[in-house]
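Descriptive analysis of the structure
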Amino acid sequence: PRLLSQFFFADERVTRVVAEINGLDAQLDPQQYLVLLNQLHLSQAHLLAILERIMEECIPTQRHSRDYLVKFPEELLVDNLGNHMLFAAECLLAGTFLEVEEADGAQLRPQARNLLCSLELVRTVLREQSLSQPGSYPEPVRAVLVQFDRLFAEFELSYVSSLVVVKSPEEIYRQQEIIVLFCETVERALRLGYLTQEMIDGYEPLLMFTIPRLAIISGLLIYPEGPLSLERSPEQMSRVFSPFYNFLKKIRDLLRVLSAEELCLLERSLCTAE
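Nothing here was measured: the structure is a model prediction, and the numbers come from that model. (Residues numbered from 1 in each chain as written. Predicted model: local features only at pLDDT ≥ 70, side-chain atom pairs only at ≥ 80, totals over all residues. Heavy atoms only, no water.)

Moving on to the packing of helix α3 (residues 81-93) against helix α4 (residues 102-132). Two elements in contact, α3 and α4, have axes separated by 8 Å at closest approach and are oriented at 115°. Note that α3 runs across α4; the crossing there is left-handed. Counting all contacts with α3, which are made through Leu86, Ala89, Glu90, Leu92 and Leu93, the residues of α4 involved are Gly105, Leu108, Arg109, Ala112, Arg113, Leu115, Leu116 and Leu119. Of the residues in the contact of α3 with α4, the class split is 9 nonpolar, 1 polar and 3 charged. (Axes fitted to C-alpha atoms, helices over the stretch in contact; angles between N-to-C directions. Helix = DSSP H or I, 4+ residues; strand = E, 2+ residues; numbered from the N terminus. Left-handed = near helix turned anticlockwise from the far one by under 90°. Contact = heavy atoms within 4.5 Å. Nonpolar A, V, L, I, M, F, W, Y, C, P; charged D, E, K, R; others polar.)

For the coordinates displayed, the defined rule picks out 3 aromatic pairs. With centroids separated by 5.4 Å and ring planes inclined at 90°, the aromatic side chains of Phe8 and Phe9 adopt a geometry described as edge-to-face. Classification of Phe8 by relative accessible area gives buried; the value is 17%. By relative accessible area, Phe9 is classed as exposed at 60%. (Phe/Tyr/Trp six-rings, centres within 6.5 Å; stacked < 30°, edge-to-face > 60°. Buried < 20%, exposed > 50% of the residue type's maximum accessible area, 1.4 Å probe, protein only.)

As a further point, take the nonpolar core. Ranked by size, the top nonpolar core spans 45 residues in total, and within it Leu51, Ile54, Leu126, Leu145, Phe148, Phe155 and Tyr159 carry the most contacts. Broken down by element, this core gets its largest block of residues, 10 residues, from helix α5 (residues 139-163). The residues touching Phe155, leaving out its near neighbours within four places in the chain, are Met85, Ala88, Ala89, Leu92, Leu108, Gln111, Ala112 and Leu115. One finds Ile178, Ala215, Leu220 and Leu228 within the second-largest nonpolar core, a separate group that totals 14 residues. (Core = buried A, V, L, I, M, F, W, Y, C linked by side-chain atoms within 4.5 Å.)

Here the structure, examined in full by the defined rule, presents 13 salt bridges. A salt bridge links Arg123 to Asp11; the shortest N-O distance between them is 2.4 Å. Of the two residues, Arg123 is situated in helix α4 and Asp11 in helix α1 (residues 3-22); the sequence distance between them amounts to 112 residues. When sorted by exposure, Arg123 lands in the same class as Asp11, which is buried. (Salt bridge = Lys/Arg side-chain N within 4 Å of Asp/Glu carboxyl O.)

The following block contains the structure:
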């Protein structure tokens, strides 16, 4: 049950698969090579998962910040992102640029080398510790883990930044403004009786259309200083709304001529129409 013992056997598995790959002629047996390569990815993912648990147990207050993850596109935030980063580092060190431009890859190679060297040091130190005192983490072990955690985070941010345009702090703030607008819209709709708590608790599918519609009206009329403020230029708005800047202006102008009763009737109709 000890994590260090689990790490020992997971590390043994990685070492064994690597040895099999190195002893195989990929050109003579490409099918077996692909099988072993898949086994390597799976065993490395298992090793990293155990290492993550060890760091959470050993250095929980010394972990490098992962706040930068909010800048990443959602499609990249998958469970195997860490294993993908490790594979990318190995490719870069071997001079293979699968996803990045060659110039970017050349700049990333020193980080990839430092990360992989740090991982090898972690594996050596944890193996030795698992054979001597598998129930404790002395200071040298913690220091090695802290260094690896920092190098991994730095490489992850640098590598992903070379692949995609990460969100700027301004865009993240704009998205948070939209979240607040939607929350205030729901609160107002509940207060006015447009929606019921039962609809929300029951995940009523119609809400996927109703809430954004009501949020547009709220953003244009009720909270005009929020993320739908048309006093900003399109470049200052969130990318969710900026392509519709001129259309939103037309909607606002139409809404302004409605009476309170007509606005209420419009909002109620938006809660029922599909």
